[in-house]
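Residue-level listing of the chains:
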Amino acid sequence: MLHRTDVDGVATLLAPGSGPMTAGLTFRVGLADEGAARIGITHLVEHLALHRHGVADYHYNGATGSVVTHFHMQGSESDIVTYLEMLCDSLANLPVQRLETEKAILRTEAAGRGGGVNRMLPMWRYGAQHYGLVSYPEWGIDRLGPDDVQAWASAWFTRANAVLWVSGDRIPPGLRLRLPAGTLRPVPVASTILPATPAYFTGAAGGVVFDGITRRHPAGSVFALMLERELFRSLRQESGLSYAASAAYDPRGDGFAVVTAFADALPEKQGAVVGGFVDVLAGFRVGRILQTELDAVRAKRDEALRHRDAAADRLPGLATDLLTGARLRSLDELRASLHAVTLADVHAAALQVLGSGLLQVPSGSRADWAGFVAAPTTSTDAIPGHTYRAVDGSGAALVLGADGVSVVDGECRATVRYRSCAVVHAWPDGARQLIGLDGIAVLVEPALFAAPADTTARIDRSVDPSIVLPMPARNPGDTPRPAPAPSSGGFPSSTGPIPGTAGVLPPGGSFPPVTGTFPPFTGLRPPSGGMFPPSN
């Protein structure tokens, strides 16, 4: 059912399908490879590469994900040859005269993107690095020039870093893939910023979101299906607390997979939904798993694997597997491993997921009563260095050291070390926002502290220039002035900007967008957070 070959040195997968011929070109590059100061560069290359296709009679599209970028189309053999050859030629010679236009399109796309329910979880788990970058906006596109995007395309969109897949009876005759030589790029190594799990944080109203990590195994995907069934049964059918209750299993590309679950909630039912959601998780933790549920899930999954187009439907996923080093398994192997899953296997997968769990609860809710520890919102220590007090007498202090910068207010600390700084937003009036790899942000407003005149210059000399993002000038009236300190003391829990304080990872809510006015409290409003946000 699955045939492996190559076209011009590009690994190729071929499987029969019942519909029109479909083909795709998948590259091992995505958001996780970019770095916080370059977020959006892969998406921008994707848009530029597809521009020359214009309005076509065949369907085509592209999608930039966490670790792979897909291009795909459906049509006749000649259409597919035209599409793929033009795509490869465009990647080798991007239409950079379209650069500013495509940047504007990406901004418009981001503004209209609703955002996935799990948009915040990657940032809280991984910070402002690798797999956590899907939670952040496309910060990098404003500063990218023609040489930047072409160099990125030449380095990542190569023969060795690509897989061609075709759903049809044969490889279209005459197809040429003129891609540069290169190397297969390994997936980023994941590292969590959570000191302990299971953990929780407070997010926006609207529902409960959970994710956890498990080794990639059929039992993990079975657990996700069973979790969805139990959430739906408990929260919708029995209690009527939620309308939407779902779960998903997504391989991360490094031998592990993420299980994500969600249940929506009306404002007046949020507490009950949190309790019901936690009860479902607790049931799996103690092994309350029924054989009848396992059998039902297995039968449904087996039916999908026996569908006549099952081999063709798997091609994009198999391309990703090939690029990330996973073993390609036949449909017969998948079915055999599915039927070998036992209740003990499901319980073991559930324990892995729940033990590494991260839970987002609505504003005003908690989960420590259920054994979840609060995810940190501040740094554990301040940088050693010179201390400069806030000029408003609030007690807040800016600390400038040789290794980094901190703002301290009572027991609350926000610290970013230069060697682990992910990105710096730089305003012409001297304001600087440093965001660490752990997601903690420090907002330095020199006018608000009795700091030396060269504070901004000292920071600029200490950070890597490649991670500094120039920001538009602020209106004079928007520049913060000293103000009375918050009466409660410490860092505020809101996500809005507060003059005289530094920003730390907020306990929930969405981030205000960075504009030419006031620097944000911390971070920015993230995009969809989905693995493959729509494009074009």
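Here the residue numbering is sequential within each chain, running from 1 through the sequence in written order. Only residues with pLDDT of 70 or above have their local features reported here, since the model is predicted, and side-chain atom pairs are shown and tallied only from 80 upward, although totals for entire chains, interfaces and linings are computed over all residues. The side-chain figures draw on all heavy atoms in the structure; neither hydrogens nor water molecules are used.

### Concerning the overall build of the protein
Right, so step 1: Within the protein, the regular secondary structure consists of 13 helices and 20 strands.
Right, so step 2: The proportion of buried residues among the 536 residues of the protein is 54%.
Right, so step 3: If you take every contact in the protein between residues at least 6 apart in sequence, the share linking residues at least 24 apart comes to 75%.
Right, so step 4: Accessible surface area values rest on a Shrake-Rupley calculation with a 1.4 Å probe, where residue burial reflects the displayed protein chains alone. If you sum the accessible surface of the protein, you get close to 21500 Å²; carbon and sulfur atoms cover 54% of it. Numbering of helices and strands runs from the N terminus; a helix is a DSSP stretch of H or I covering at least four residues, while a strand is a stretch of E covering at least two. Relative accessibility under 20% of the residue-type maximum defines a buried residue, over 50% an exposed one, and the middle range a partly exposed one, all with a 1.4 Å probe and only protein chains included. Only heavy atoms matter for contacts: two residues are in contact if any of them lie within 4.5 Å across the pair.

### Considering helix α6 (residues 218-238)
Right, so step 1: How far a helix is expected to stretch is found by multiplying one less than its residue total by 1.5 Å. Between its first and last C-alpha atoms α6 spans 29 Å; for 21 residues at 1.5 Å apiece the expected length is 30 Å, and the two agree.
Right, so step 2: The complete set of buried residues in α6 reads Pro 218, Ala 219, Gly 220, Val 222, Phe 223, Ala 224, Met 226, Leu 227, Glu 230, Leu 231, Ser 234 and Leu 235.
Right, so step 3: Just downstream of α6, Gly 240 is the residue with a positive phi angle, here 65°.

### Describing the confidence of the model for the protein
The predicted coordinates of low-pLDDT regions are not to be read in fine detail.
Right, so step 1: The score called pLDDT rates the predictor's confidence residue by residue, from a low of 0 to a high of 100. In this model, the protein carries an average pLDDT of 88, and 89% of its residues clear a pLDDT of 70 or more.
Right, so step 2: Considering only residues more than four positions removed or in separate chains, one finds that residues 485-536, a stretch of pLDDT under 50, has 179 contacts.

### Looking at the pattern of salt bridges
Right, so step 1: Any carboxyl oxygen of Asp or Glu within 4 Å of a side-chain nitrogen of Lys or Arg constitutes a salt bridge here. As enumerated under the stated definition, the model contains 24 salt bridges in all.
Right, so step 2: As a salt-bridge pair, Glu 230 and Arg 233 come within 2.1 Å of each other at their nearest N and O atoms. Taken together, the residues span about one helical turn, with Glu 230 and Arg 233 both in helix α6 at a distance of three residues.
Right, so step 3: Its relative accessible area of 28% is what places Arg 233 among the partly exposed residues.
Right, so step 4: Among the ionic pairs, Arg 366 bridges to Asp 368, the shortest N-O distance being 2.6 Å.
Right, so step 5: A relative accessible area of 35% means that Asp 368 is categorised as partly exposed.

### A word on the layout of surface pockets
Right, so step 1: Method remark: on a 1 Å grid restricted to protein atoms, a set of points is classed as a cavity if a 1.4 Å probe fits but cannot get out and as a pocket if it is open with protein on both sides within 12 Å along at least five of seven lines; lining residues have an atom within 4 Å of a point. Grid points are joined across faces, edges and corners, and a volume is the space filled by probe spheres set on the points. The space that makes up the largest pocket amounts to roughly 1200 Å³.
Right, so step 2: Lining the largest pocket are 37 residues, with Arg 216, Tyr 249, Pro 251, Arg 301 and Asp 321 positioned closest to its centre.
Right, so step 3: The element best represented in the lining of the largest pocket is helix α10 (residues 315-324), accounting for six residues.
Right, so step 4: In this classification, Asp, Glu, Lys and Arg are treated as charged, Ala, Val, Leu, Ile, Met, Phe, Trp, Tyr, Cys and Pro as nonpolar, and every other residue, Gly included, as polar. The residue inventory of the lining of the largest pocket, partitioned by class, reads 20 nonpolar, eight polar and nine charged.

### Structural notes on the nonpolar core
Right, so step 1: For the purposes of this section, nonpolar cores are sets of buried Ala, Val, Leu, Ile, Met, Phe, Trp, Tyr and Cys residues that join through side-chain atoms within 4.5 Å. Ranked by internal contacts, the top residues of the largest apolar core, which has 64 residues, are Phe 223, Leu 227, Phe 277, Phe 284 and Leu 359.
Right, so step 2: When near neighbours in sequence (up to four residues on either side) are disregarded, Phe 284 contacts Phe 223, Met 226, Leu 227, Glu 230, Ile 289, His 347, Ala 350 and Leu 354.
Right, so step 3: Core analysis: the next-biggest nonpolar cluster, separate from the first, contains 48 residues, Met 120, Val 407, Val 416 and Ala 422 among them.

### Details of the environment of Gly 65
Right, so step 1: With respect to the secondary-structure elements, Gly 65 resides in the loop between β4 (59-64) and β5 (69-74).
Right, so step 2: For the pair Gly 65 and Arg 28, spaced 37 residues apart in sequence, the C-alpha separation works out to 9.7 Å.

### Notes on the packing of helix α1 (residues 41-51) against helix α2 (residues 77-92)
To characterise two packed helices, one gives the angle between the axes of the helices and the distance between these axes.
Right, so step 1: Helix axes use the C-alpha atoms of the stretch in contact, all axes being lines fitted to C-alpha atoms, and the angles between their N-to-C directions lie in the range 0 to 180 degrees. One can describe the packing of α1 onto α2 by two numbers: an axis separation of 8 Å at closest approach and a directional angle of 125°. With respect to each other, α1 and α2 are oriented oblique. Regarding α1 and α2, the two cross each other, and that crossing is right-handed. Touching Val 45, Ala 49 and Leu 50 of α1 are Tyr 83, Leu 87, Ser 90 and Leu 91, all from α2.
Right, so step 2: Broken down by class, the residue content of the contact of α1 with α2 amounts to six nonpolar, one polar and no charged. The cut-offs work like this: below 35 degrees is roughly parallel, past 145 is roughly antiparallel, 65 to 115 is roughly perpendicular, and the gaps in between are oblique. Less than a right angle of anticlockwise turn of the near helix away from the far helix marks a crossing as left-handed, whereas a clockwise turn marks it as right-handed.

### So, the environment of Val 274
Right, so step 1: Relative to the helices and strands, Val 274 resides in helix α7 (residues 270-285).
Right, so step 2: In this structure the C-alpha to C-alpha distance between Val 274 and Pro 362, which are 88 residues apart in sequence, comes to 8.3 Å.
Right, so step 3: With residues near it in sequence (within four places) discarded, Val 274 still touches Val 208, Val 361, Pro 362, Ser 365, Arg 366 and Trp 369.

### Some remarks on helix α5 (residues 146-156)
Right, so step 1: Within the sequence span of α5, burial applies to Val 149, Gln 150, Trp 152, Ala 153 and Trp 156. Along the axis of α5, the buried residues cluster in a sector spanning 155°; they form a single face.
Right, so step 2: Looking at the buried residues of α5, the elements they touch are β3 (22-27), α1, α2 and α3 (99-112). Arc, as used here, means the arc of the directions from the helix axis to the C-beta atoms.

### Concerning the pairing of strand β17 (residues 421-426)
Right, so step 1: With respect to burial, β17 is a largely interior element, six of its six residues being buried.
Right, so step 2: Should DSSP find at least two bridges between two strands, the strands are taken to pair. Sheet topology note: the β17/strand β18 (residues 432-436) ladder contains five bridges and is antiparallel. Bridge pairing in β18 links Val 424 to Leu 434.
Right, so step 3: Across three bridges, the pairing between β17 and strand β20 (residues 468-470) is parallel. Considered in β20, the bridge of His 425 is made with Leu 469.

### A look at the side chain of Ser 242
Right, so step 1: The residue Ser 242 is located in the loop between α6 and β9 (245-251) in this model.
Right, so step 2: Here a polar contact means two N or O atoms within 3.5 Å. Within protein one must be a hydrogen donor candidate and the other an acceptor candidate, and residues neighboring in sequence count only if both atoms are side-chain atoms. Within the structure, the side chain of Ser 242 is placed 2.6 Å from the backbone oxygen of Asp 264, a separation counted as a polar contact.

### Points about the packing of aromatic side chains
Right, so step 1: Pairing of aromatic side chains requires ring centres within 6.5 Å, counting the rings of Phe and Tyr and the six-membered ring of Trp. Pairs whose planes differ by under 30 degrees are stacked, by over 60 edge-to-face, and all others tilted. Applying the stated criterion to the full structure yields nine aromatic pairs.
Right, so step 2: Here the aromatic residues Phe 27, Phe 71 and Phe 157 are joined through ring pairs into a cluster of three or more.
Right, so step 3: Geometrically, a charge over a ring is one whose NZ (Lys) or CZ (Arg) sits within 6 Å of the ring centre while staying within 35 degrees of the ring normal. Against the face of Trp 156 rests Arg 185, its NZ or CZ located 4.1 Å from the ring centre.
Right, so step 4: The residue whose ring lies beneath Arg 252 is Tyr 131, and the NZ or CZ to ring-centre distance is 5.3 Å.

### Regarding the side chain of Thr 69
Right, so step 1: Along the chain, Thr 69 falls in strand β5.
Right, so step 2: Excluding anything up to four places from it in sequence, Thr 69 contacts Leu 25, Thr 26, Phe 27, Val 29, Gly 30, Thr 42, Ala 63, Thr 64 and Phe 157.

### Let's talk about the sheet that holds strand β10 (residues 256-264)
Right, so step 1: With mixed pairing, the six strands of this open sheet are ordered in space as β9-β10-β8-β11-β7-β12. Both outer strands of the open sheet, β9 and β12 (373-374), are each paired with one neighbouring strand and no more.
Right, so step 2: Sheet topology note: the strand β8 (residues 207-215)/strand β11 (residues 358-362) ladder contains three bridges and is antiparallel. The partner of Phe 210 across the bridge, within β11, is Leu 359.
Right, so step 3: Along the sheet face, α6 touches β8, β9 and β10 and points at about 170° away from the line of β9.

### Considerations on the sheet that holds β3
Right, so step 1: Across the sheet, six strands lie side by side as β1-β2-β6-β3-β5-β4; this open sheet has mixed pairing. The open sheet terminates on both sides in strands that have one partner only, identified here as β1 (3-7) and β4. Between one strand axis and the next, the sheet turns by 20° as a mean value, whatever way the strands run.
Right, so step 2: Relative to β5, β4 is paired through six bridges, and the arrangement is antiparallel. Within β5, the residue paired with His 59 across the bridge is Gln 74.
Right, so step 3: The sheet strands contacting α1 are β4 and β5, and the helix crosses β4 at an angle near 165°.
Right, so step 4: The strands touched by α2 within the sheet are β3, β4, β5 and β6 (162-167), with β3 carrying the most contacts at an inclination of about 20°.

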